[in-house]
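# Survey of secondary and tertiary structure
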Amino acid sequence: MNLTLKIWRQKNAQDAGKIVDYSLTGVSPDMSFLEMLDVLNQQLIDKGEEPIAFDHDCREGICGTCSLYINGRAHGPDTKITACQLHMRSFKDGDTIYIEPWRAKAFPVIKDLIVDRTSFDRIQQAGGFISVNTSGNTQDANAIPIKKENADKAFDAATCIGCGACVASCKNSSAMLFVSAKVSQFALLPQGQVEATDRVLNMVKQMDEEGFGNCTNTGACEVECPKGISLENIARMNREYLKASLKA
Ligand code: SF4
Ligand code: FES
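### What about the overall build of the protein chain?
Scanning the protein chain for helices and strands turns up 8 helices and 7 strands. The principal-axis extents of the C-alpha atoms in the protein chain amount to approximately 60 × 35 × 35 Å. Counting every position in the protein chain, which comprises 248 residues, the buried fraction comes to 36%. Here the contacts in the protein chain between residues at least 6 apart in sequence split such that 70% fall between residues at least 24 apart.

### Quick look at the site of ligand 1
Taken together, the neighbourhood of ligand 1 is formed by 14 residues, with Cys160, Cys163, Ala165, Cys166 and Cys225 sitting nearest. It is helix H5 (residues 176-187) that contributes the most residues to the shell around ligand 1, 3 residues altogether. When the residues that make up the shell around ligand 1 are grouped by side-chain class, the tally is 11 nonpolar, 2 polar and 1 charged.

### With respect to the domain arrangement of the protein chain
Considered domain by domain, the protein chain is made up of domain 1 (3-111) and domain 2 (117-133 + 145-247). Once you take the C-alpha centre of each, domain 1 and domain 2 turn out to be 28 Å apart. Taken together, the contact pairs 18 residues of domain 1 with 17 residues of domain 2. In terms of residue class, the side of domain 1 that touches domain 2 is made up of 9 nonpolar, 5 polar and 4 charged.

### Thoughts on the packing of helix H2 (residues 118-127) against helix H6 (residues 196-209)
Between H2 and H6, the least distance of the axes is 7 Å, while the angle of their chain directions is 155°. One way to sum up the angle between H2 and H6 is to call them roughly antiparallel. The handedness of the crossing between H2 and H6 comes out as right-handed. Residues Arg122, Ile123, Ala126 and Gly127 of H2 form the contact with H6, whose participating residues are Asp198, Arg199, Asn202, Met203, Gln206 and Met207. Here the residues of the contact of H2 with H6 are counted per class, giving 4 nonpolar, 3 polar and 3 charged.

### A short note on the nonpolar core
Core analysis: the biggest nonpolar cluster contains 58 residues, and Cys166, Val167, Ala175, Leu177, Phe178, Val179 and Met203 have the highest contact counts within it. Each of two domains, domain 1 (3-111) and domain 2 (117-133 + 145-247), supplies a minimum of three residues to this core. Dropping the residues within four chain positions of it, cysteine 166 is found in contact with Ala175, Leu177, Phe178, Cys221, Glu224 and Cys225.

### Brief notes about helix H8 (residues 232-247)
The first and last C-alpha atoms of H8 sit 23 Å apart over 16 residues, in line with the 22 Å expected at 1.5 Å per residue. For H8, the set of buried residues is Asn233, Ile234, Arg236, Met237 and Glu240. All buried residues of H8 lie within an arc of 155° about the axis, which places them on one face of the element. The exposed residues of H8 that point more than 90 degrees off its buried face are Arg239, Leu242, Ser245 and Leu246. Elements in contact with the buried residues of H8: helix H3 (148-158), H5 and H6.

### What to know about the environment of lysine 6
Here lysine 6 is to be found in strand E1 (residues 3-9). Looking at lysine 6, the number of C-beta atoms within 10 Å reads 14, which means it is partly exposed. For lysine 6 and phenylalanine 212, which are 206 residues apart along the polypeptide, the C-alpha to C-alpha distance reads 28 Å. Those residues in contact with lysine 6 that sit more than four places away from it in its chain are Ile19, Asp21, Thr96 and Tyr98.

### Points about unusual backbone geometry
Positive phi, close to 55°, is recorded for arginine 59, a residue that is not glycine. One can find arginine 59 in the loop between helix H1 (33-46) and strand E3 (68-70). With a phi close to 50°, serine 173 is a non-glycine residue in the positive phi region.

### Quick look at the sheet that holds strand E4 (residues 73-74)
Adjacent strands of a sheet form backbone hydrogen bonds with each other and so pair up, either parallel or antiparallel. Taking strand neighbours across the sheet as the criterion, the 5 strands line up as E2-E1-E5-E3-E4 in an open arrangement whose pairing is mixed. At either margin of the open sheet sits one strand with a lone partner, and together these are strand E2 (18-24) and E4. Of the strand pairs in this sheet, E1 and strand E5 (residues 96-101) are connected by 4 bridges, and their pairing is parallel. Counted as the bridge partner of leucine 5 is isoleucine 97 from E5.

### What about the pairing of E2?
Two faces make up the sheet, and in a regular strand the side chains alternate between them. Sparse coverage of E2 is indicated by the burial of 0 of its 7 residues. One ladder, built from 7 bridges, connects E1 with E2; its direction is antiparallel. The partner of threonine 4 across the bridge, within E2, is serine 23.

The rules behind the values
Residues numbered from 1 in each chain as written. Chains lettered and ligands numbered in written order. Predicted model: local features only at pLDDT ≥ 70, side-chain atom pairs only at ≥ 80, totals over all residues. Helix = DSSP H or I, 4+ residues; strand = E, 2+ residues; numbered from the N terminus. Buried ≥ 20, exposed ≤ 12 C-beta atoms within 10 Å, placed from the backbone. Contact = placed C-beta atoms within 7 Å. Near = placed C-beta within 6 Å. Nonpolar A, V, L, I, M, F, W, Y, C, P; charged D, E, K, R; others polar. Domains from an automatic or database assignment. Axes fitted to C-alpha atoms, helices over the stretch in contact; angles between N-to-C directions. Parallel < 35°, antiparallel > 145°, perpendicular 65-115°, else oblique. Left-handed = near helix turned anticlockwise from the far one by under 90°. Core = buried A, V, L, I, M, F, W, Y, C linked by C-beta atoms within 7 Å. Expected span 1.5 Å × (residues − 1). Arc of directions from axis to C-beta. Pairing = 2+ DSSP bridges.

Now the structure itself:
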């Protein structure tokens, strides 16, 4: 396959940045999208040019770092996969592909296609945990009976990989889907009850301080989420927030 790539290049956070055109020939349909970028980068390095900076780690849909906006969609044209799981067979010979970073005030561009997502880390640190005494007397988790339906929903919420596609695809740059998944994975389990009030209040406060927008229920986040995190989680977080506000 021969492709025209239009890629966002930005030297650093201060640089204005711009789209730069590249031609790439001999791309195999079996290559992953990131392997295709590797090939382009090797060609740039061989020519003595600066390779394109992009985030990646696991390359198997687990770490959530491969934050690429491809042809106007977070993680590209396929659904329920990350950019690293996208293969070139999803494109046609002669295609033009636009590759950009996530765009959101709370995710500033660091370089080229890499954005700073430490705002997500700070939201997690504000309450996305349970405090457990790990002195050796920890109770076996299986000893606590949990309703199957709740266990399944908590597990589904816990599959959020913190990629940020929900923010990038939302016209308001809202982080509600991410935060609600992190709140829900504990709100549904007995282990999460002790810190439930502080958790939701602190995580929502941090989310607002980071500059994420409000949720207006358009549902783009759910459509583009590679893990299929449901909008139900946002409804649950709103209920948890209301309950916590009345208690506080
Ligand atoms: S909710 Fe989905 S899109 Fe948002 S960070 Fe989690 S996995 Fe990514
Ligand atoms: S590189 Fe880890 S999810 Fe894509």
